[in-house]
Amino acid sequence: MGEQLSGLDLVDLSYADRPYVAVNFVTSLDGRAAIEGRSGALGSRTDAEMLQMLRTRVDAVMIGAGTMRAERYGRMVSDPALRQHRERIGLPHDPLAVIVSGRLDLPWDAPLFTDGGGRVLIFTASSAALPETETPVRVVRHESRVDIAEALRYLREERGVRALLCEGGPRLHRQLQASGSVDELFLTISPKLAGGEEPRPIEGDLPQPVEWELAWLLEERGELFARYRRAG
Ligand SMILES: NC(=O)c1ccc[n+]([C@@H]2O[C@H](COP(=O)([O-])OP(=O)(O)OC[C@H]3O[C@@H](n4cnc5c(N)ncnc54)[C@H](OP(=O)(O)O)[C@@H]3O)[C@@H](O)[C@H]2O)c1
């Protein structure tokens, strides 16, 4: 797995007007994206390591506010050795953490905000003021709702983001897919049944089905790690 991921040059695939976009999800065998409201119980340690490795290949990592509330993110690349690795391959030592939020109802006591390392950019439709945070936070405000295509253009043209990893959740993912902005999908299939009413990797309607080509499929202890590229 490390071999495959170390050869990933996502930043070289950037477009002029938006970043190259990869999405990562872990699902159960019955297609659920969480167990008891969180994704942590789905994936293995290898899956968590893969996610950390993917974060070393991009300029920015994007999540929706629902994912931030459920998962309470910390610094995106927590291992100093991986941050040094980013610098060795010409990337800033922390990826920009990007959060999309309608209401700015975020867990401000989560380590992403209190740790002081890294940088955060929030796209929001709220006019509320931000609390003081240890980690530097910048805000870009949109009218009534965040325009995802405009946010991608801003990231590319104003912040120099060439490759973006989106880690969900399901409602943000739907909008990215609906706007035709997802180039790759890293999908981990965990050998577990979740049952219940947990969300799927994508929640809501798409204008049409989106087709994918399998780029690789790896296996470890029954867990499948698929990489898909958008077909056509
Ligand atoms: N299995 C996995 O790999 C995985 C990955 C990620 C998440 N999850 C799971 O998914 C669940 C969370 O699902 P979710 O759908 O709520 O997550 P989400 O897509 O991360 O968050 C949805 C929220 O993002 C904000 N948002 C999204 N698009 C917006 C737009 N265009 N304009 C303004 N705000 C926008 C809104 O925030 P406001 O509420 O602030 O308005 C909305 O309520 C959790 O259980 C989490 O564990 C699983």
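Residues numbered from 1 in each chain as written. Predicted model: local features only at pLDDT ≥ 70, side-chain atom pairs only at ≥ 80, totals over all residues. Heavy atoms only, no water.

**Let's talk about the side chain of Glu223**
As for its placement among the helices and strands, Glu223 is situated in strand E9 (residues 223–230). Here Glu223 is buried and forms no salt bridge, its nearest opposite-charge partner Lys192 lying at an N-O distance of 6.8 Å. Contacts of Glu223, omitting those with residues within four sequence positions, involve Leu42, Gly43, Ser44, Asp47, Thr188, Ile189, Ser190, Pro191 and Leu218. (Helix = DSSP H or I, 4+ residues; strand = E, 2+ residues; numbered from the N terminus. Buried < 20%, exposed > 50% of the residue type's maximum accessible area, 1.4 Å probe, protein only. Lys, Arg positive; Asp, Glu negative; His and termini not counted. Salt bridge = Lys/Arg side-chain N within 4 Å of Asp/Glu carboxyl O. Contact = heavy atoms within 4.5 Å.)

**Some thoughts on the layout of surface pockets**
Here the largest pocket defines a volume of roughly 1,100 Å³. Around the largest pocket, the lining is made up of 46 residues, and of these Gly66, Thr67, Glu167, Gly168 and Gly169 lie nearest the centre. Elements supplying a minimum of two residues to the lining of the largest pocket: strand E1 (20–27), helix H2 (45–55), helix H3 (65–71), strand E3 (96–101) and helix H7 (170–178). Per-element tally for the lining of the largest pocket: the top contributor is H3, with six residues. Its residues assigned to classes, the lining of the largest pocket shows 17 nonpolar, 17 polar and 12 charged. Quantified by volume, the second largest pocket comes out at close to 150 Å³. Considering the residues around the second largest pocket, the lining is formed by His173, Gln177, Leu185, Leu187, Pro201, Ile202, Leu206, Val210 and Trp212. Among the elements of the structure, H7 and strand E7 (184–189) are those that each provide at least two residues to the lining of the second largest pocket. Classifying every residue of the lining of the second largest pocket gives seven nonpolar, two polar and no charged. (1 Å grid on protein atoms, 1.4 Å probe; cavity = no way out; pocket = protein on both sides within 12 Å on 5 of 7 lines; lining within 4 Å. Points joined across faces, edges and corners; volume = space filled by probe spheres on them. Nonpolar A, V, L, I, M, F, W, Y, C, P; charged D, E, K, R; others polar.)

**Side note on the site of the ligand**
The ligand sits among 29 residues. The nearest are Ala33, Thr67, Glu71, Arg171 and Gln175. Measuring from a nitrogen atom of the ligand, one finds a backbone N or O atom of Ala33 at 2.6 Å. Between the ligand and the protein, one listed contact pairs an oxygen atom with a backbone N or O atom of Gly64 at 3.4 Å. Considered on its own, the ligand offers 920 Å² of accessible surface; in the complex 91% of this is hidden by protein. Of the pockets mapped on this structure, the ligand occupies the largest pocket. Going through the elements one at a time, E1, H3, E3 and H7 are the ones with two or more residues in the shell around the ligand. (Near = heavy atom within 4 Å. Polar contact = N/O pair within 3.5 Å; in protein donor to acceptor, adjacent residues only side chain to side chain. Areas by Shrake-Rupley, 256 points an atom, 1.4 Å probe, with all protein chains shown as cover. Sits in = over half its atoms within 2 Å of the grid points.)

**As for the pairing of E1**
Burial of E1 is extensive: eight of the eight residues sit out of reach of the surface. Here E1 shows no split at all, with Tyr20, Ala22, Asn24 and Val26 on one side and Val21, Val23, Phe25 and Thr27 on the other all buried. Pairing of E1 with strand E6 (residues 163–166), which is carried by four bridges, proceeds in the parallel orientation. Opposite Val21, over in E6, you have Leu164 as the bridge partner. Two strands pair when backbone bridges link them, and E1 and E7 are joined in this way by six bridges, in the parallel orientation. Residue pairing for E7: Ala22 is matched across the bridge by Glu184. (Pairing = 2+ DSSP bridges.)

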